[in-house]
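The lines below spell out each chain.
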Amino acid sequence: MALTMFGGPLSRKVPETRTFTVEGPAHSLLLEPFTRRVRAEVDGVTVLDTVRGALLFETGLPPQLYLPEEDLRTDLLEPSDTTTHCPFKGDATYRSLRVGDRVVPDAVWAYPTPIAESSWLAGRAVLAPGAADRWLDEDDEVLGHLPDPYHRVNLRNTSRHVTAATTDGAPVADAAGGILLGETGLVDRFYIARDALRATLEPSEKRTVCPYKGRATYYSLRLDDGRVLTDAAWSYEAPTDESRAIKDLVSLAHDDLVVTAS
């Protein structure tokens with residue numbers, strides 16, 4: 001279960017099906033150590049290198065990596081006039097990052113004098129995830145963002161009969177089993193063999209990245225009657241190790257599709 005999202009104990013909407021209460025404000029913060037080595041590169045230059053990072057979990061938001069400012073290349077940082085205010089953390093100051101001729105505006109933020117309740121943020125800073133070209137978790141390249149330790153992906157072989165059809169009943173897929181993928185906060189997805197499709201896969205330009213599954217390639221489905229369901233299928237041709245069971249299989253979802261399993 002994620003802590004701050006998807007119905008987790010520090011999320012904005014906690015399920016009613018529980019026997020506990022969380023005492024505290026409606027908006028909560030939790031800082032936990034993230035002791036693996038993390039590095040970030042811009043144009044091949046390492047601008048962040050730390051084994052002293054910590055993930056800040058904040059209600060309704062994905063975790064952010066806070067690290068001691070001395071683990072940043074502070075010599076590459078330039079002052080910025082940008083400031084923001086957070087009622088739960090205080091006033092944030094920003095700095096831009098310059099690597100050679102390249103400037104990333106407001107790439108780093110910090111709370112030099114956080115409010116008392118968040119005093120442990122003092123001396124720590126954040127490099128915006130999108131400010132770097134490349135992130136490394138130990139020596140593995142990060143896909144999308146650092147993995148949330150409270151986020152899980154579970155893959156199970158299934159012999160359930162998986163079918164897909166359009167909302168008006170045209171058959172699209174018929175599979176005698178496949179892989180059931182369950183992911184924190186998301187609906188279960190069935191991944192099936194491509195030869196179970198009764199539609200033609202047409203490559204799409206859409207791509208997505210998941211830290212837990214890898215890089216997804218999307219396809220449109222061309223039905224026998226000529227209709228095309230845009231970006232209705234996706235596949236992981238080179239999934240992460242933890243999701244290797246879905247390699248080259250396809251999953252289906254579209255407003256005009258109904259996927260069932262029995």
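This structure is a prediction, so every number in the text was calculated from the model and none was measured.

Focus: the sheet that holds strand S16 (residues 214-222)
- Taken in spatial order, the eight strands of this open sheet run S15-S16-S17-S18-S14-S13-S12-S19, and their pairing is antiparallel. In this open sheet, the two strands that pair with only one neighbour each are strand S15 (200-210) and strand S19 (257-261). Strand-to-strand twist of the sheet, defined as the mean angle between neighbouring strand axes without regard to direction, takes the value 40 degrees.
- In terms of strand pairing, strand S13 (residues 171-183) meets strand S14 (residues 189-192) through three bridges, oriented antiparallel. Counterpart to Leu181 in the pairing with S14 is Arg189.

Remarks on the pattern of salt bridges
- The full count for this structure, using the stated rule, is 20 salt bridges.
- For Asp137, the salt bridge goes to Arg36, with nearest N and O atoms at 2.8 Å. Linking Asp137 in strand S10 (residues 134-137) with Arg36 in the loop between strand S1 (29-34) and strand S2 (38-42), this pair joins segments that are 101 residues apart in sequence.
- For Arg36, a relative accessible area of 37% translates into the label partly exposed.
- Notably, a salt bridge pairs Arg227 with Asp225, separated by 2.8 Å at the nearest N-O pair.
- For Asp225, a relative accessible area of 47% puts it in the partly exposed group.
- One network of salt bridges, in which partners are shared, links Glu41, Arg134 and Glu141.

Side note on the side chain of Glu183
- Considering the arrangement of structural elements, one finds Glu183 in strand S13.
- Here Glu183 falls in the buried class, since its relative accessible area comes to 10%.
- The residues contacting Glu183, other than those within four sequence positions of it, are His151, Arg152, Val153, Cys210, Tyr212 and Lys213.

Observations regarding the packing of aromatic side chains
- As enumerated under the stated definition, the model contains four aromatic pairs in all.
- Arranged with centres 6.1 Å apart and planes meeting at 40 degrees, the rings of Tyr94 and Trp109 form a pair that is tilted. Highlighted residues: Tyr94 in strand S7 (residues 90-99) and Trp109 in strand S8 (residues 102-110), separated in sequence by 15 residues. With respect to class, Tyr94 is no different from Trp109; both count as buried.
- Ring geometry for Tyr218 against Trp234: centres 5.9 Å apart, planes inclined by 35 degrees, an arrangement best described as tilted. Taken together, the positions of Tyr218 in strand S16 and Trp234 in strand S17 (residues 228-235) put the pair 16 residues apart, joining distant regions of the chain. Grouping residues by exposure puts Tyr218 and Trp234 together as buried.
- Across from the ring centre of Tyr218, 4.5 Å away, lies the NZ or CZ of Lys206, which sits over that ring.

A look at the nonpolar core
- Core analysis: the largest hydrophobic core is formed by 37 residues, its most contacted members being Val47, Leu48, Leu97, Leu127 and Trp135.
- Ignoring sequence-local partners within four residues, the contact set of Leu97 consists of Val42, Val47, Leu76, Leu77, Arg102, Val103, Val104, Ala107 and Leu127.
- In terms of nonpolar packing, the next biggest core, distinct from the first, is built from 20 residues, Ala164, Ala196, Leu197 and Ala232 among them.

What about the sheet that holds strand S6 (residues 77-86)?
- Taken in spatial order, the seven strands make up an open sheet running S1-S4-S5-S9-S8-S7-S6, and their pairing is antiparallel. The sheet is open, and its two edges are formed by S1 and S6, each paired on a single side. Within this sheet the neighbouring strands show an average axis-to-axis angle of 35 degrees, counted without direction.
- Direction of pairing for S8 relative to strand S9 (residues 124-127): antiparallel, over a ladder of three bridges. Counted as the bridge partner of Val108 is Leu127 from S9.

Conventions and cut-offs
Residues numbered from 1 in each chain as written. Predicted model: local features only at pLDDT ≥ 70, side-chain atom pairs only at ≥ 80, totals over all residues. Heavy atoms only, no water. Pairing = 2+ DSSP bridges. Helix = DSSP H or I, 4+ residues; strand = E, 2+ residues; numbered from the N terminus. Axes fitted to C-alpha atoms, helices over the stretch in contact; angles between N-to-C directions. Salt bridge = Lys/Arg side-chain N within 4 Å of Asp/Glu carboxyl O. Buried < 20%, exposed > 50% of the residue type's maximum accessible area, 1.4 Å probe, protein only. Contact = heavy atoms within 4.5 Å. Phe/Tyr/Trp six-rings, centres within 6.5 Å; stacked < 30°, edge-to-face > 60°. Lys NZ or Arg CZ within 6 Å of the ring centre and 35° of its normal. Core = buried A, V, L, I, M, F, W, Y, C linked by side-chain atoms within 4.5 Å.

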